[in-house]
Amino acid sequence: VGSIPCSMTKLQLAGLFEGVGLVVDAWISKDAKGRSTTMGMVEFSEPAAAAKAVRARHNKRPYPKGKRLKVALWNKRPPNRRDSFGSRERSAELEELRARVEAAERRAEAAEAARVRAGVAASELTALRGRNELRARAEAA
């Protein structure tokens, strides 16, 4: 999403697209001083919702005297094209950020799977100890 107001927050950006589909995440790009670059991204739960958002919000004003929003699908833009969202370098930075987020999600999923396996192993060990204690009691009696 381009041409968003400088004062807009992440929650306000997500709120602009709530009626279109389920918003999973939204963020606003900031410069080195923490100021908005008037560009952001909104992630939807389904591709159809993203396409609907483009149709519903592209070239529309979020506020009566505000600029018209530039809304486009991220994966539909050619990678080496300079557009309203910034330079090729900015696009490369965003691609790198997307790759890092996806890698972090994969690591989190792997860690969760390991925790589940460890929980199963711990419960099996507890059950085995319980059986061994029962055997020991039976032999002692």
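From a predicted model like this one, the values you see are computed outputs, not experimental measurements.

Undergrad: Tell me about the overall build of the protein chain, residues and numbers included.
TA: A tally of regular secondary structure across the protein chain gives three helices and two strands. Its helices and strands in sequence order give the protein chain the pattern α-β-β-α-α, from N to C terminus. Looking at the protein chain as a whole, 23% of its 141 residues are labelled buried. Taking the contacts inside the protein chain whose residues are at least 6 apart along the sequence as the reference set, 43% of them involve residues at least 24 apart. Of the accessible surface of the protein chain, which amounts to about 10,200 Å², a share of 54% is contributed by carbon and sulfur atoms.

Undergrad: With reference to specific residues and values, describe the nonpolar core.
TA: Here is a general trend for soluble globular proteins: nonpolar side chains tend to be buried in one another's company. Within the largest apolar cluster, 17 residues are counted, with the highest numbers of intra-cluster contacts made by Val1, Ile4, Leu13, Phe17, Val42 and Phe44. Looking at this core, the elements with two or more residues in it are α1 (10-16), β1 (23-30), β2 (36-44) and α2 (47-57). Once residues lying within four places of it in the same chain are set aside, the contact partners of Ile4 are Leu13, Ile28, Thr38, Met39, Gly40 and Leu69.

Undergrad: How would you sum up the pattern of salt bridges? Please name residues and give values.
TA: Per the counting criterion, the structure on display carries two salt bridges. Across the salt bridge formed by Asp25 and Lys10, the nearest N and O atoms sit 3.5 Å from each other. Highlighted residues: Asp25 in strand β1 and Lys10 in helix α1, separated in sequence by 15 residues. The class of Lys10 is partly exposed, set by a relative accessible area of 44%. The partner of Asp31 in a salt bridge is Arg35, with the nearest N and O atoms 3.1 Å apart.

Undergrad: I'd like a description of the environment of Val1, backed by residues and values.
TA: Counting through the fold element by element, Val1 comes out in the segment before α1. Residue class for Val1 comes out buried when judged on its relative accessible area of 10%. Put simply, Val1 and Met41 are 40 residues apart on the chain and 5.6 Å apart in space, counted from C-alpha to C-alpha.

Undergrad: Kindly report on the pairing of β1, identifying the contributing residues and their values.
TA: In terms of strand pairing, β1 meets β2 through six bridges, oriented antiparallel. Opposite Lys30, over in β2, you have Ser36 as the bridge partner. Hairpin connection of β1 to β2: five residues between the antiparallel strands, including Gly34 at a positive phi of 85 degrees.

Undergrad: So what's going on with unusual backbone geometry? Which residues, and what values?
TA: Of note in this structure, Ser3 is not a glycine but carries a positive phi near 65 degrees. Residue classification places Ser3 among the partly exposed residues on the basis of a relative accessible area of 22%. Positive phi outside glycine occurs at Asn59, with the angle close to 65 degrees.

Undergrad: Explain the packing of aromatic side chains to me, and be specific about the residues and the numbers.
TA: For the structure on display, the rule yields one aromatic pair. Seen from their ring centres, Phe17 and Phe44 are 6.1 Å apart, and the 80 degrees between their planes marks the pair as edge-to-face. Of this pair, Phe17 sits in the loop between α1 and β1 while Phe44 sits in strand β2; the two residues are 27 residues apart in sequence, bridging distant segments of the chain. A relative accessible area of 1% places Phe17 in the buried class. Owing to a relative accessible area of 12%, Phe44 belongs among the buried residues under this scheme.

Undergrad: Explain α2 to me, and be specific about the residues and the numbers.
TA: Listed in full, the buried residues belonging to α2 are Ala49, Ala50 and Ala53. Each buried residue of α2 sits inside an arc of 100 degrees when the element is viewed along its axis, so together they form one side. Counted as exposed and oriented over 90 degrees from the buried face of α2: Pro47, Ala48 and Arg55. After α2 finishes, the residue Asn59 shows a positive phi value of roughly 65 degrees.

Cut-off values and rules
Residues numbered from 1 in each chain as written. Predicted model: local features only at pLDDT ≥ 70, side-chain atom pairs only at ≥ 80, totals over all residues. Heavy atoms only, no water. Helix = DSSP H or I, 4+ residues; strand = E, 2+ residues; numbered from the N terminus. Buried < 20%, exposed > 50% of the residue type's maximum accessible area, 1.4 Å probe, protein only. Contact = heavy atoms within 4.5 Å. Areas by Shrake-Rupley, 256 points an atom, 1.4 Å probe, with all protein chains shown as cover. Core = buried A, V, L, I, M, F, W, Y, C linked by side-chain atoms within 4.5 Å. Salt bridge = Lys/Arg side-chain N within 4 Å of Asp/Glu carboxyl O. Pairing = 2+ DSSP bridges. Phe/Tyr/Trp six-rings, centres within 6.5 Å; stacked < 30°, edge-to-face > 60°. Arc of directions from axis to C-beta.

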